[in-house]
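# Structural features, examined
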Amino acid sequence: MRINLAAMSTSATVSTLQNDLQIAIQLEQATLPLYLSAYWSINPSATSAGATAAQNSVLTVINEEMIHLAMACNILNATGGQPSINGSNPAFPVPAYPGPLPGHSKTSNPFVVSLAPIGPSSLQTFMDIELPQYDDPVAPPDGWATIGEFYDEIIALIQGLTDGDFQNTTNGQATDANNPTPPGSGSILTVNSVATAIAAINGIIVQGEGTKTNPDSGPGELAHYFQFQQVLQSIQNGSWNYQPDVFNVVTNPNLSLADFPPNAVTLNNQVNSLFSTLLDGLHSAFNSSSPDNNLGGAVSTMLDLQTPVQNLMQIPLNNQSGFNCGPVFQYSAAAQGKPATAGARR
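In this text the structure is predicted, and so the values were computed from the model without any measurement.

### Focus on the nonpolar core
The biggest cluster of nonpolar side chains holds 94 residues, and the ones touching the most others in it are I118, Y151, F166 and W240. Listing elements by their share of this core, those giving two or more residues are helix 1 (10-40), helix 2 (49-78), helix 3 (120-129), helix 4 (147-159), helix 5 (194-209), helix 6 (224-236), helix 7 (262-286) and helix 8 (292-304). Listed in part, the eight residues of the second largest apolar core include V250, F260, A264 and I315.

### Quick notes on unusual backbone geometry
Residue P98 is reached from Y97 by a cis peptide bond, and omega for that bond is -5 degrees. Here P98 shows up in the loop between helix 2 and strand 1 (99-100). The phi torsion at Q320 lies on the positive side, around 60 degrees, for a residue other than glycine. Checked against the element boundaries, Q320 lands in the segment after helix 9 (306-312). Under the relative-accessibility criterion, Q320 is labelled exposed at 73%. Even without being glycine, F329 reaches a positive phi, approximately 55 degrees. Mapped onto the elements, F329 comes out in the segment after helix 9. The class of F329 is buried, set by a relative accessible area of 2%.

### Topic: the packing of aromatic side chains
The geometry of two aromatic rings is summed up by the distance between their centres and the angle between their planes. Summed over the entire model, instances satisfying the criterion amount to eight aromatic pairs. On the numbers, 5.0 Å between centres and 80 degrees between planes, the contact of Y225 with F226 is edge-to-face. Pair check on accessibility: Y225 and F226 agree, each one buried. For the pair W240 and Y242, a centre-to-centre distance of 6.0 Å together with 65 degrees between the ring planes defines the contact as edge-to-face. Through a chain of ring-to-ring contacts, three or more aromatic side chains come together here, namely Y35, F126 and F228.

### Observations concerning the side chain of Q29
Secondary-structure assignment places Q29 in helix 1. A distance of 3.0 Å separates a polar side-chain atom of Q29 from the backbone oxygen of I85. Apart from the residues within four sequence positions on either side, Q29 is in contact with S84, I85, V94, P95, Y97 and L279.

The rules we used
- Residues numbered from 1 in each chain as written.
- Predicted model: local features only at pLDDT ≥ 70, side-chain atom pairs only at ≥ 80, totals over all residues.
- Heavy atoms only, no water.
- Core = buried A, V, L, I, M, F, W, Y, C linked by side-chain atoms within 4.5 Å.
- Buried < 20%, exposed > 50% of the residue type's maximum accessible area, 1.4 Å probe, protein only.
- Helix = DSSP H or I, 4+ residues; strand = E, 2+ residues; numbered from the N terminus.
- Phe/Tyr/Trp six-rings, centres within 6.5 Å; stacked < 30°, edge-to-face > 60°.
- Polar contact = N/O pair within 3.5 Å; in protein donor to acceptor, adjacent residues only side chain to side chain.
- Contact = heavy atoms within 4.5 Å.

Listed below in structure tokens is the structure:
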């Protein structure tokens, strides 16, 4: 852990907690394009048992990451912070790919992640993202190396405060009114005390990595690390011959934009516009007095992404490589009629 709580004033503790929570929001947000790219790379016409099981596992994780994002925003709002989801705060730009995963490695070796179709390489990356802290027992001297270690720091900061530090009502609290439908489980906890803030963080940790004695995040449901491990093992043991079921999408499409044919450029622009609308919708919702009244539109926008993304994934690149195009998931404030925010990536 990189903090010394004993030397921190209450205001410094709140400020550090708000900064860490914003990184947590970036982290949960950053996983969505990664997992959506993998999920939508599975051909919707695939009928194999392996494809169905993989779709269910990845969609479970996606739905629960949305819950985690909401709970991180709830905690930040309870402290009087303002969530930044669309890069409106230049210190917290929208994640780009390939790029370092926010919050996963506060060390000299950031964890760089890539957009890719589902397969052994991407599934191993997803397992590394959700790596249980107890499988990496030697904490680095300069910060954290797993999500669990990062959230341990957040819990320590929360414990250094009192209930009164979690009762700001400038922005409202999201509830289960817009909780994603199954697969997936969990509740969006509202936060108004030290105990509820810690419960929200513990819920995120358990759903992501499970516990050392129990890989489940809930009754009959594996934690994220084990969801991805289960899909990877189905490929490795031959029970799912995945390649015929998956669009042959190039890894990190952003690096191959010069080889997109005109119809792919049009679709990619459509995807980026919808993605920008999604982030703007989430940002507006969590910076309002009633997030529940504004989240429905954002959820609908995310669903609207599927058709153009999967159409794009079926268009070959112009370079005769045998790979197809894929979504870049690039946010553009200008596309939404707003001034773009500047700022270096973390």
